[in-house]
Every structure is written in structure tokens, then in C-alpha cells.
Amino acid sequence: MAAPVSLLVEFGGGAELLFDGIKKHQVTLPCQPEPWDIRSLLKWIKQNLLKERPELFIQGDTVRPGILVLINDADWELMGELDYKLQDKDNIIFISTLHGG
Amino acid sequence: MPTSCSACGTSPAALRRPKTGHALCRPCFLAAFEEETHQAIVAGQLFQPGETVAIGASGGKDSTVLAHLLQLLNQRHGYGLHLVLLSVDEGIAGYRDASLAAVRRHQCRSGLPLHVVSYRQLYGWSMDSIARHLGPRNNCTFCGVFRRQALDRGALLLGADKIATGHNADDMAETVLMNFLRGDVGRLRRGAGAGSAGGEGAVPRCKPLRHAYEKEIVLYAYFQGLDYFSTECVYAPQAYRGYARALLKDLEAIRPSAVADLCHSGERLSLRPDLRLPARGACQRCGYVASQPLCKACVLLEGLDRGLPKLGIGKHQRLRDKLRDGQPLTQEELKRLGAPGENEGELPKEQETQMEPGVKGADKEPWGGWELRGPRGLDF
Ligand SMILES: [Zn+2]
Ligand SMILES: [Zn+2]
């Protein structure tokens, strides 16, 4: 059993508009048999945080192209993307590049 | 732990650059991004010392990063530029309130002067009033056409020598894709250049970030703590660009060089020499570049001011010809041009005094009555 994981999940660049406009979410992921990774975090976000138009955030099992993901302020492309194993106190940031302004 | 930076070799990398695949740490990325922008400005000879440059400032990520970089590089490399923020207020309730507030915060922090021009001031119509007459569709047509001229007219008011806009490589690729899909050969030919020569208005344009990837612009803003505003335009769901943008992002996910490839295609595209493009002259009414006697904005305004808002949109050539020839339209035809039904009453006019456009050769004729005094054979 993986222990519960506490995370700071943030949305920016317009992605927060899909989450009631709330940018910072302090979340605790429950115990589960498998360790938490970004793939399972996305599923959890879809079920628990996403308020509208999920297709603008998630496509298939990953984020919609054009949404940047930072894991502790580093590009997730350097961290294993969906397979990154979440650690307690991690800071995960999703920034949309798709919104105008 | 992430890999270490490929430039300094010591700090942990903070991002992978989309263009090169290099992993850089935060300070090395910021330095590289600034230096590349400087190189693009120097290589493209975008500015001359002493010029006043109006930065098209929307409060969004691209123009916020552009304004920050131009100010920084102007100081660092002694360009000798006078920088001014120029914002356009389309008059969409709630939309620009927040983004103009973001521009004002940037103004306060940077100390750059700010000038705001409104559609209502420039055209006599706000976007909200246009949308009330037009319904939910086609608003982006008006908005886009009016915006293109609004920066020009605003820059003329400021006495600016140049307009700098925040268009990035992704925007350029989207534009190439859209023009291609629409068969807009004229735009394809002149669209991809740096913009200094191919501008459509009286004030030359440049796009210092046209080689910069959206991902890097967003990360630059994030790492620098630049605060910007992002929203979906409330009228945008109908916009064609959104589809081009989504397609491009999907392509990029399987082929990272898709953006650079499309920009390259746009720049290298050559047209058959025997291909005839419409000659580009000046609008008879406002002096803006036009391939027809009236520019697109003036046609759209003509429709609005006649209470026929769809006059300038879509395939109504036969009806435009009838109007031009002074023939009466049937109720049915009027309706197709967006006229209100009989019991919907008169359109409330929102005309205000026209601001002097100050455009060379501008025709100061009041709107309306053009079918009597305008040249015969006027063609939309
Ligand atoms: Zn480094
Ligand atoms: Zn005109």
C-alpha cells in the first residue's frame, strides 16, 4: 500500500477557468495499492477537481497538447511525464498555453 | 532528479527546449531566451535608434513578455528606443476589464507610458453593441478586422514610428495553416515575413518574438514572475483559429518540429509568377490598405451603420451589387443581411463623434449616402 500523498496542485495560464477559477489546490491523495504517478493523478483530478469541459484539459490519459506541466518547477518532459512517481509535498503546476489574452 | 543543464553543466535543468531538445536550467534559459530575442532584433534590423515603438499590449502572455523584453534589451544594449504600451479596448464587457487591469499593473511596474484606444472611439461601435445586432456568430470577423486597424490608428495618434506585436512562432504557424486552408494566397505571400515591409497600415510592424515558441514564452513569464491575464474571448468559440491551433498542437505532440516546419513552409512558399493577385491600393474612405475600393473595416461599418450587419460577411455579392446600384431590397433580402424584423423596431444607433483617423488620404465624408456620391462601380 502506498501512503497518502499531499500535493500542492496549481492551474494557470487560463487552465484555472476549468476549475472554478481557483488556481491553488491543496490536495491529499488517498492510500491505494499502486504508487501515485502523474497518470493516476490526472484521473483523480478529472474525477475530483475538474468542473467543466474535461476535453479542454484531458485527452485520452494525458493532458491536452498545449498544457505545460511543471513538477517542482521543472518541465515534466525531464521528469518522466506520466510515469513520474509522486512524492509527498510535491508541487504540480499545469499552465495552459492555449488561452489568449 | 532531472538531468543537469547542458549549458552550465552544474544546475539541474528546468525545461527541455522545444526547438533544440536541449535541457537548460532556469538562469541559462532566461539568458538564452533574452539573447536570442536580441539577435533576432539585430539580424532583422527591426529598429532604428530614436524610434518611438508602440507595443501592442493586450495584457496576455505574449505582449507582456514582449514589453518586458523590449524594455530590458533597450536598456541592456542601448537601442535608444522610446517604448509606449498601446492597448485596444474592444468594448466587450468583462473581457478587457481584467486584461486592461493587467496592462495597467505592467505599466505601474515598468514605468512605460500607456495609451488605450477603444473601438467605440475609433469606429463608433463597441464589440458588445455589434454582437447585439449580429447575434453570436461572425463577431470574430469584426473584432479581427477592427483590431488590425485599431493598432494602426492608435499608433498614428501617438506619433509612433513602429508597432511591435507579440506574435510568436506558434501564431505564425497557425496563420500559415489557416491561410492555406482558406486558400488566402495573398496573405500567404505576405504573411510570413518579419512584418516590417508587409504591413497593411500606415505604420510599419514588427514581430520580435516570431521565432519564439509559445512554451518558452509561457515559461519565461512564469520563471520571471510576470503577471499576465488569460481568458477565452467570450465570442471566440466560433473562431476558425481555434481549430487551426488545436490541430497544430496535436501535430506537435507527435512531431515536435511541426511549428518550425510550418513557419518554414510559409516563408519559403513561392507562387507561380503568372498568378495574378488583386492590386492593393488605399481604401477610398479611410486610406487603409485595401484590394477593393473600400477596406474590409469600412464595408463592415457600412453594414452596421445601415442596420444590415451581415453586409460585409459571407456571400452576399448579388445583394451588395443591388445596393450599390441603388436598387431596393426586398424584406427577405434585408433579413438575410441581418436587418431586424418589422416589429423589432429601429436599431439603436451608437454613433459618437468620429475621431479624426489622421490616416493619409482619409476621406472625411460622413458615413452613409455613399451610394449617391461614391464612385460608380464601387465594388466590395
Ligand atoms: Zn545552466
Ligand atoms: Zn477603410
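Counting from 1, residues in each chain are numbered in the order their sequence is written. Here every chain gets a letter starting at A, and every ligand a number starting at 1, in the order they are written. Given that this is a predicted model, residues contribute local features only at a pLDDT of at least 70 and side-chain atom pairs are listed and counted only at 80 or more, while totals for whole chains, interfaces and linings are drawn from all residues. Water and hydrogen atoms play no part in the side-chain values, which are based on all heavy atoms of the structure.

The name given to chain B in an unreviewed UniProt entry is Cytoplasmic tRNA 2-thiolation protein 1, with the source organism recorded as Pelusios castaneus. UniProt positions are given in the numbering used here, feature names are shortened, and annotations may be inferred rather than shown by experiment. On record in UniProt, under Subcellular location (unreviewed entry), the comment for chain B is "Cytoplasm". A UniProt comment under Sequence similarities (unreviewed entry) is attached to chain B, and it reads "Belongs to the TtcA family. CTU1/NCS6/ATPBD3 subfamily."

Chain A has the name Ubiquitin-related modifier 1 in an unreviewed UniProt entry, where Pelusios castaneus is given as its organism. The heading Subcellular location (unreviewed entry) in the UniProt record of chain A holds the text "Cytoplasm".

Undergrad: Whenever I open this one, the overall build of chain B confuses me. Can you help?
TA: The helix and strand labels rest on DSSP assignments: H or I over at least four residues marks a helix, E over at least two residues marks a strand, and numbering proceeds from the N terminus. When helices and strands are counted, chain B shows 15 helices and 9 strands. Residues counted as buried form 50% of the 380 residues belonging to chain B. Only heavy atoms enter the contact rule, under which two residues are in contact if any of them lie within 4.5 Å. Restricting to contacts in chain B with at least 6 residues of sequence separation, those with at least 24 account for 69%. Accessibility throughout is a Shrake-Rupley quantity obtained with a 1.4 Å probe, and a residue counts as covered only by protein chains that appear here. Counting only carbon and sulfur atoms, one obtains 53% of the accessible surface of chain B, whose full area is about 17,800 Å². Only protein chains enter the area calculation, which uses a 1.4 Å probe; residues under 20% of their type maximum are buried, those over 50% are exposed, and those in between are partly exposed.

Undergrad: Help me out: how do you make sense of the coordination of the zinc ion (ligand 1) in this one?
TA: Six octahedral donors around a metal ideally subtend angles of 90 or 180 degrees, whereas four tetrahedral donors ideally subtend 109.5 degrees. Residue and element names in this part refer to chain B. Donor atoms: N, O and S within 2.8 Å of the metal, or within 3.2 Å for Na, K and Ca. Because water is excluded, sites can look incomplete. Those donors, Cys5 (SG), Cys8 (SG), Cys25 (SG) and Cys28 (SG), are the protein atoms that reach the zinc ion (ligand 1), and they lie 2.2 to 2.3 Å from it. Of note is the zinc ion (ligand 1), whose 4 donor atoms meet at the metal with angles of 101 to 116 degrees in an arrangement that counts as tetrahedral. Counting gaps between the donor residues of the zinc ion (ligand 1) yields the pattern C-x2-C-x16-C-x2-C. Under this scheme a four-donor centre is tetrahedral when all angles range from 85 to 135 degrees, a four-donor centre is square planar and a six-donor centre octahedral when opposite donors are above 155 degrees with the rest from 65 to 115, and any other centre is irregular.

Undergrad: Please clarify how the packing of aromatic side chains should be interpreted in this entry.
TA: Where two aromatic rings form a pair, the distance of their centres and the angle of their planes describe that pair. Whether two aromatic rings pair depends on their centres lying within 6.5 Å, for rings of Phe, Tyr and Trp, where Trp uses its six-membered ring; planes under 30 degrees apart make the pair stacked, over 60 edge-to-face, and the rest tilted. A full pass over the atoms with the stated rule returns 12 aromatic pairs over all chains. Relative to Phe57 of chain A, the ring of Phe19 of chain A has its centre 5.2 Å away and its plane inclined at 85 degrees; by these criteria the two rings are edge-to-face. Remark: Phe57 of chain A occurs in the loop between helix 1 (38-48) and strand 3 (58-59) and Phe19 of chain A occurs in the loop between strand 1 (5-12) and strand 2 (24-29); sequence separation between them is 38 residues. With a relative accessible area of 1%, Phe19 of chain A lands in the buried category. In this structure Phe57 of chain A comes out as buried when scored by relative accessible area, which is 0%. When the ring of Tyr119 of chain B is compared with that of Phe146 of chain B, the centres are 5.8 Å apart and the planes differ by 85 degrees; the resulting orientation is edge-to-face. On the criterion of sequence distance, the pair formed by Tyr119 of chain B in helix 4 (residues 119-123) and Phe146 of chain B in helix 6 (residues 139-158) is long-range, its members being 27 residues apart. Each of the two residues, Tyr119 of chain B as well as Phe146 of chain B, counts as buried.

Undergrad: Any chance you could explain the side chain of Glu333 of chain B here in plain terms?
TA: Residues and elements named next belong to chain B. With respect to the helices and strands, Glu333 occurs in helix 14 (residues 331-336). Under the relative-accessibility criterion, Glu333 is labelled buried at 8%. Among the polar contacts made by the side chain of Glu333, one reaches the main-chain amide nitrogen of Thr330 at a distance of 3.0 Å. Apart from residues lying up to four places away in sequence, Glu333 is in contact with Arg318, Leu319 and Lys322. Whenever two N or O atoms come within 3.5 Å, that pair is a polar contact, provided that in protein one can donate a hydrogen and the other can accept it, and provided that, for residues adjacent in sequence, both atoms are side-chain atoms.

Undergrad: Any chance you could explain the sheet that holds strand 6 (residues 162-164) of chain B here in plain terms?
TA: Residues and elements named next belong to chain B. Read across the sheet, 5 strands follow the order 5-4-3-6-7 without closing on themselves; strand pairing throughout is parallel. Each of the sheet's edge strands pairs with one partner strand only, and the pair in question is strand 5 (114-118) and strand 7 (205-206). A pair of strands is treated as paired once DSSP finds two or more bridges between them. Bridge count for strand 6 against strand 7 is 2 bridges, and the pairing is parallel. Directly across from Ile163, in strand 7, lies its bridge partner Arg205. Relative to the sheet, helix 3 (residues 95-110) contacts strand 4 (82-89) and strand 5, its axis offset from that of strand 4 by approximately 170 degrees. Lines fitted to C-alpha atoms define the axes, with helix axes restricted to the stretch in contact, and inter-axis angles between N-to-C directions lie between 0 and 180 degrees.

Undergrad: Help me understand the pairing of strand 7 (residues 90-96) of chain A, please; the structure alone is not making it clear to me.
TA: On a regular strand, each side chain points to the face opposite its neighbour's, so the side chains alternate between the two faces of the sheet. Residue and element names in this part refer to chain A. Within strand 7, 7 of the 7 residues are buried, which leaves the element mostly enclosed by the surrounding structure. Side chains Asp90, Ile92, Phe94 and Ser96 project from strand 7 onto one buried face, and the interleaved Asn91, Ile93 and Ile95 project onto a second face that is buried too. Sheet topology places strand 5 (residues 67-71) next to strand 7; 5 bridges connect them, and they run antiparallel. In the strand pairing of strand 7, Val69 is matched with Phe94.

Undergrad: Help me understand the UniProt feature "binding site: ATP" (unreviewed entry) in chain B, please; the structure alone is not making it clear to me.
TA: Residue and element names in this part refer to chain B. If you check UniProt for "binding site: ATP" (unreviewed entry), the listed places come out as Gly56, Ala57, Ser58, Asp62, Val88, Gly166 and Asp171 in our numbering. By the secondary structure assignment, Ala57 is in the loop between strand 3 (52-56) and helix 2 (61-77). When neighbours within four sequence positions are excluded, Ala57 is seen to be in contact with Ser63, Leu85, Leu86, Ser87 and Val103. Note on Asp171: relative accessible area 12%, which makes it buried.

Undergrad: Sorry, what's going on with unusual backbone geometry here?
TA: Comment: phi is negative for the bulk of residues other than glycine, and the bulk of peptide bonds are trans. Residue and element names in this part refer to chain A. Positioned with a positive phi, Arg53 is a non-glycine residue whose angle comes to about 40 degrees. For Arg53, the position within the fold is in the loop between helix 1 and strand 3. Taking relative accessible area as the criterion, Arg53 reaches 32% and is therefore assigned partly exposed. The backbone phi angle of Asp73 is positive, close to 70 degrees, even though this residue is not glycine. With respect to the element layout, Asp73 can be found in the loop between strand 5 and strand 6 (74-75).

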